[in-house]
Amino acid sequence: MIKEGVILGKRYEILGRIGSGGMADVYKGKDHKLNRYVAIKVLKSDYRSDEVFIKKFLSEAQAAAGLMHPNVVNVYDVGQDRGLYYMVMELVEGITLKDYIEKKGRISAKETVSIAIQMVTGLQAAHNHHIIHRDIKPQNIIISKDGKVKVTDFGIARATTSTQTISTSVMGSVHYTSPEQARGGVVDQKSDIYSIGITLYEMVTGHVPFDGDSTVSVALKHLQEQIASPAEEVQDLPYSLECIIMKCTQKNPNLRYHDCASLLLDLKRSLVDPDGDFVVPGAGAGADTDRTVVMSTEELERVQQRQYDQNDDDEYDDDDEYDDDEYDDDDDDDDYDRRRQDRRRKNNVNSDTKRIMKILMIVAGVVVALLVLFLVANAAGFFSGPGLLTQNETEMVEVPDLRGMTEEEAREELKGTGLGLDVENEAQPSNQYEEGEIMSQDPEPGKEVEAHTTITVVLSSGEEAKMTEVPDVVGRSEAEAEKMIQDANLIVRHDSDYSSEVEEGDVISSDPKGGTEVEEGTEVTIVISLGAEQATVPDLRNRTASEAESALADAGLSGSASEEYSDSVPEGQVISQGIDPGEKVEKGTTVSYVVSLGAETKYVTVPGLGGYKEADARARLENAGLSVGNVSYAYSSTVGEGYVIDQTASPGSSVEEGTSVGFTVSLGPESQPEDPSGGDGTDTGDGTETQSD
């Protein structure tokens with residue numbers, strides 16, 4: 001633990017520890033260079049000697065530092081000082097989603113969807129920067145005091161090395177880990193979507209779907225067992241939200257949402273139409289969700305008989321990655337359809353039959369679990385040293401140019417690179433490539449990708465490609481645009497973005513643009529509007545002007561300040577704001593607010609006190625809003641005793657209200673000494689008075 005007052009990097013002062021995880025401690029700190037409070041995550045001493053881990057920690061922190069988004073806990077800096085490796089992040093005052101769930105027991109469907117939209121929006125920003133979180137769980141979601149949802153802890157999970165045993169943080173995360181992550185397979189954005197589904201399940205039910213005595217038992221449940229529908233426990237759960245959760249948590253990644261944009265679209269539709277039947281099950285990445293693709297007998301035999309070169313142990317085999325034993329697409333589709341059709345039907349099987357079936361399932365489950373446990377542990381190197389759920393080091397590989405090669409030549413080219421190959425079922429006509437040659441690939445040649453990435457290629461059919469014109473679909477609905485593009489013998493690809501000008505669900509743009517002449521079979525990407533991006537107006541009252549501007553900027557809003565005098569609000573703090581706190585507005589909206597100038601200074605006219613007795617003079621000053629200052633007394637031969645002779649502030653002058661004004665009161669004429677000679681008190685002529693009897 002670092003002592004308070006320690007300065008890191010000559011600018012970050014440690015103020016106190018606010019949290020601790022499996023691999024790092026989190027402290028509240030102050031950035032003296034920018035004069036703001038920050039959170040400082042410091043790597044624990046157990047990991048400071050692992051050079052590979054440190055390198056990963058720093059590189060991932062630097063990657064996350066480039067990600068600035070309102071729904072992400074932003075990373076400001078990363079560095080090393082006194083042997084300590086630290087990461088400086090945005091300080092968020094609030095509560096974790098885990099604590100919020102425990103506090104409320106269950107979260108309502110509407111609030112769940114609202115939180116999920118912000119959470120997925122932040123995760124989408126990370127995915128757009130090619131950052132996979134790998135550790136999505138309620139503990140890593142923070143709800144700030146003004147209701148902003150932020151995703152935190154980017155990069156830590158993927159920095160774990162194979163030299164480390166299972167830490168407590170990993171043990172806590174196994175309840176949310178995807179099947180492919182548990183078995184040490186390829187982890188991509190669909191793995192994060194699975195973890196989102198588990199988090200949504202916990203939000204609506206109050207508990208995780210799988211639990212057990214050990215991390216291994218929980219991991220096996222993720223690998224083998226289908227998640228029970230949350231609607232079986234929460235009877236009033238909206239149908240659309242149930243379908244969203246079930247689609248996110250499919251064992252086969254290809255049956256989940258293919259990206260956060262698609263998930264976001266369904267979440268927003270769920271707010272408008274909670275019981276709508278718009279969630280399409282089993283729609284994989286880039287799949288046409290409006291029709292069922294049936295394999296021909298020839299294609300089925302090809303999949304069943306396909307074998308890869310077994311001599312290269314390092315070659316990635318994407319068919320093995322999701323084999324039929326572990327991810328049975330047909331079974332998953334059937335189960336999912338049955339749940340959709342029989343959501344609230346009662347099971348009419350009698351109790352004896354249920355008991356027998358339950359016993360058989362338990363026996364079969366034990367046998368399968370033991371077999372899978374052995375295979376998974378052996379594949380993960382459990383028996384040779386490393387732990388069960390360790391992750392492979394991330395290695396970047398440059399994608400080679402496969403265009404013009406045959407499928408066999410491409411597989412030979414990829415040997416030893418750690419990359420896999422997937423061939424699209426349907427060949428496309430091409431004027432450039434002969435039949436059987438690769439005409440296009442994704443990712444593109446020269447791009448840096450993680451090892452074990454699968455390259456999807458399209459083969460040429462050898463036919464002459466006909467030219468066609470890309471239809472103009474801007475402003476049309478998604479379904480209408482898709483039909484127009486398909487009618488032009490072109491392939492549709494979907495993307496989404498926020499727009500304040502185009503209605504939600506309509507097309508913002510297309511690439512290539514409408515009117516462009518291209519070959520038939522060319523991919524046309526259409527960008528679907530998610531509507532205007534919304535922001536929650538923060539509470540600016542009683543904050544300073546700089547704090548108000550910072551809060552508005554964090555919310556994606558701008559501010560317009562004016563000033564007024566106030567007797568109740570201290571100078572420099574916000575008195576009021578033009579848009580109420582908590583109200584939803586479009587991103588970029590200007591919020592006006594009023595800053596206090598403090599109490600207004602008033603001026604009063606000094607009254608004349610001459611000719612007034614002392615009591616009257618005091619009253620005149622108080623009635624004028626002034627205070628009585630020093631009162632002195634003096635002899636006067638011209639002013640009668642008890643009357644004011646003069647005053648410290650000139651009559652008729654203007655002074656601040658409350659100013660002290662002093663005055664002098666006459667004691668009357670000074671008395672003459674008695675004549676010792678017994679005279680009659682007349683003037684002796686030498687400047688003194690005499691008193692007579």
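Just so it is clear, the model here is predicted, and its values are computed rather than measured. Residue numbering note: each chain is counted from 1, following its sequence as written. Restriction of local features to residues with pLDDT of at least 70 applies here, the model being predicted, together with a cutoff of 80 or more for giving and counting side-chain atom pairs; totals for whole chains, interfaces and linings are based on all residues. Side-chain numbers here rest on the full set of heavy atoms in the structure, without hydrogens or water.

Undergrad: Could you give an account of the nonpolar core, naming the residues involved and the relevant values?
TA: We define the nonpolar core as a collection of buried residues of types Ala, Val, Leu, Ile, Met, Phe, Trp, Tyr and Cys that are connected through side-chain atoms lying within 4.5 Å of one another. Each residue gets one of three labels from its accessible area relative to the maximum for its type: buried under 20%, exposed over 50%, partly exposed in between, using a 1.4 Å probe on protein chains only. L97, F154, I196, I244, L263 and L267 are the most contacted members of the largest nonpolar core, which totals 75 residues. Among the elements that take part in this core, helix α3 (residues 109-128) stands out by supplying nine residues, more than any other. Ignoring sequence-local partners within four residues, the contact set of L263 consists of V120, I193, I196, I244, C248 and Y257. A run of DSSP states H or I qualifies as a helix once it reaches four residues; a run of E qualifies as a strand once it reaches two. Both are numbered from the N-terminal end. Working rule for contacts: check all heavy atoms of both residues, and any pair within 4.5 Å makes them a contact.

Undergrad: Account for α3, with residues named and values stated.
TA: An expected span of 1.5 Å times one less than the residue number is assigned to each helix. Between its first and last C-alpha, α3 extends 28 Å over 20 residues, near the 28 Å set by a 1.5 Å rise per residue. Most of α3 sits inside the fold, with 15 of its 20 residues counted as buried. Downstream of α3 by one or two residues, H130 has phi in the positive range, about 60 degrees.

Undergrad: If you had to explain the packing of helix α8 (residues 239-248) against helix α9 (residues 260-272) to someone new, which residues and values would you point to?
TA: Two elements in contact, α8 and α9, have axes whose closest approach is 9 Å; the angle formed by their N-to-C orientations is 160 degrees. When the interaxial angle is binned, α8 and α9 end up roughly antiparallel. The two elements α8 and α9 cross, and the hand of that crossing is left-handed. Across the interface between the two elements, S240, L241, I244 and C248 from α8 touch L263, D266, L267 and S270 from α9. Across the contact of α8 with α9, the residue classes break down as five nonpolar, two polar and one charged. The angle between two axes is taken between their N-to-C directions and runs from 0 to 180 degrees, where each axis is a line fitted to C-alpha atoms and a helix contributes only its stretch in contact. Angles below 35 degrees are treated as roughly parallel, those above 145 as roughly antiparallel, those between 65 and 115 as roughly perpendicular, and all remaining angles as oblique. In this scheme, a crossing is called left-handed if the near helix is turned counterclockwise away from the far one by less than a right angle; it is called right-handed if the turn is clockwise. Residues are grouped as follows: nonpolar covers Ala, Val, Leu, Ile, Met, Phe, Trp, Tyr, Cys and Pro; charged covers Asp, Glu, Lys and Arg; every other residue, Gly included, is treated as polar.

Undergrad: Kindly report on the environment of G79, identifying the contributing residues and their values.
TA: Relative to the elements of secondary structure, G79 occurs in strand β5 (residues 75-81). Spatially, the C-alpha atoms of G79 and Q62 are 9.6 Å apart, while their sequence positions differ by 17 residues.

Undergrad: How would you summarise the UniProt feature "binding site: ATP" (unreviewed entry) in the chain if you had to cite specific residues and measurements?
TA: As annotated in UniProt, the feature "binding site: ATP" (unreviewed entry) corresponds to K41 in the numbering used here. Structurally, K41 is set in strand β4 (residues 36-43). On the basis of relative accessible area, K41 is assigned to the buried category, the value being 7%. UniProt positions are given in the numbering used here, feature names are shortened, and annotations may be inferred rather than shown by experiment.

Undergrad: Break down the sheet that holds strand β1 (residues 7-8) for me, with residues and values.
TA: Reading across the sheet, the six strands line up as β1-β2-β3-β4-β6-β5 and stay open at both edges, with antiparallel pairing between neighbours. Looking at strand neighbours, the two that pair on one side only are β1 and β5, the edges of this open sheet. Pairing of β5 with strand β6 (residues 84-90) involves six bridges; the strand directions are antiparallel. Counted as the bridge partner of Q80 is Y85 from β6. Pairing between strands is defined by DSSP: at least two bridges between the two strands are required.

Undergrad: Pulling in residues and values, what's your account of the pattern of salt bridges?
TA: Should a side-chain nitrogen of Lys or Arg be within 4 Å of a carboxyl oxygen of Asp or Glu, the pair is scored as a salt bridge. Evaluation of the coordinates by the stated rule reveals 22 salt bridges. With a closest N to O distance of 3.4 Å, R493 and E523 form a salt bridge. Of this pair, R493 sits in strand β16 (residues 491-497) while E523 sits in strand β19 (residues 523-529), and the two are 30 residues apart along the sequence. Exposure remark for E523: the relative accessible area of 41% places this residue in the partly exposed category. Several salt bridges share partner residues, and in doing so they unite R11, D31 and R36 into one network.

Undergrad: Account for the packing of aromatic side chains, naming residues and giving values.
TA: Centres within 6.5 Å are what make two rings of Phe, Tyr or Trp a pair, Trp counting through its six-membered ring; a difference in plane orientation under 30 degrees is then read as stacked, over 60 as edge-to-face, and the rest as tilted. The final tally for this structure, using the stated rule, is one aromatic pair. Taken together, a centroid distance of 6.1 Å and an interplanar angle of 65 degrees make the contact between Y12 and Y86 edge-to-face. With Y12 in strand β2 (residues 12-20) and Y86 in strand β6, the pair connects residues that are 74 residues apart, well separated along the chain. On the accessibility criterion, Y86 (4% relative accessible area) is buried.

Undergrad: Please give an account of the sheet that holds strand β17 (residues 507-511) that cites residues and values.
TA: Ordered by their spatial adjacency, three strands build an open sheet running β16-β19-β17, and the pairing between neighbours is mixed. At either end of the open sheet lies a strand with only one pairing partner, and these are β16 and β17. Averaged over neighbouring strand pairs, the angle between their axes works out to 25 degrees when direction is ignored. Bridge analysis of β16 against β19 gives seven bridges, and the strand direction is parallel. Each residue of the ladder has a partner; that of R493, found in β19, is T525.

Undergrad: For the confidence of the model for the chain, give the residues involved together with the corresponding values.
TA: pLDDT gives the predictor's per-residue confidence on a scale running from 0 to 100. Averaged over the chain, the pLDDT score is 79; the fraction of residues at 70 or greater is 80%. Here residues 344-351 is a poorly scored stretch, pLDDT under 50, and it has four contacts once near neighbours within four places are set aside; other chains count.

Undergrad: Residue-level account of the side chain of K268, with values.
TA: Looking at the element boundaries, K268 is found in helix α9. Residues scored as charged are limited to Lys and Arg (positive) and Asp and Glu (negative), so that His and the chain ends carry no count. Despite being buried, K268 has no salt bridge partner; E504 is the closest side chain of opposite charge, sitting 6.0 Å away. Among the polar contacts made by the side chain of K268, one reaches the main-chain carbonyl oxygen of L530 at a distance of 3.5 Å. In contact with K268, not counting residues within four places along its chain, are I117, Y498, E504 and L530. Counted as a polar contact is a pair of N or O atoms within 3.5 Å, where, for protein atoms, one must be capable of donating a hydrogen and the other of accepting one, and residues adjacent in sequence contribute only when both atoms are in side chains.

Undergrad: Summarise the environment of G404; cite the residues concerned and give the values.
TA: Here G404 lies in the loop between β10 (396-398) and α14 (407-414). For G404, a relative accessible area of 26% gives the class partly exposed. In this view, G404 contacts E409, Y433, E437 and I438; residues no more than four positions away in its chain are not counted.

Undergrad: Which residues make up the side chain of S636, and what are the values?
TA: If you trace the backbone, S636 turns up in the loop between β26 (627-634) and β27 (644-647). At a separation of 3.2 Å, a polar atom in the side chain of S636 contacts the main-chain amide nitrogen of T638. Beyond its immediate sequence surroundings of up to four residues, S636 is in contact with I645, S666, G668 and P669.

Undergrad: Give me the packing of helix α6 (residues 189-205) against α8: which residues, what numbers.
TA: One way to put it is that α6 packs onto α8 with a least axis distance of 7 Å and a crossing angle of 140 degrees. The pairing of α6 with α8 is recorded here as oblique in orientation. As for how α6 packs across α8, the hand of that crossing is left-handed. From α6, I193, Y194, G197, L200, Y201 and V204 reach across to α8, where they touch L241, I244, I245 and C248. Residue composition of the contact of α6 with α8, grouped by class: nine nonpolar, one polar and no charged.

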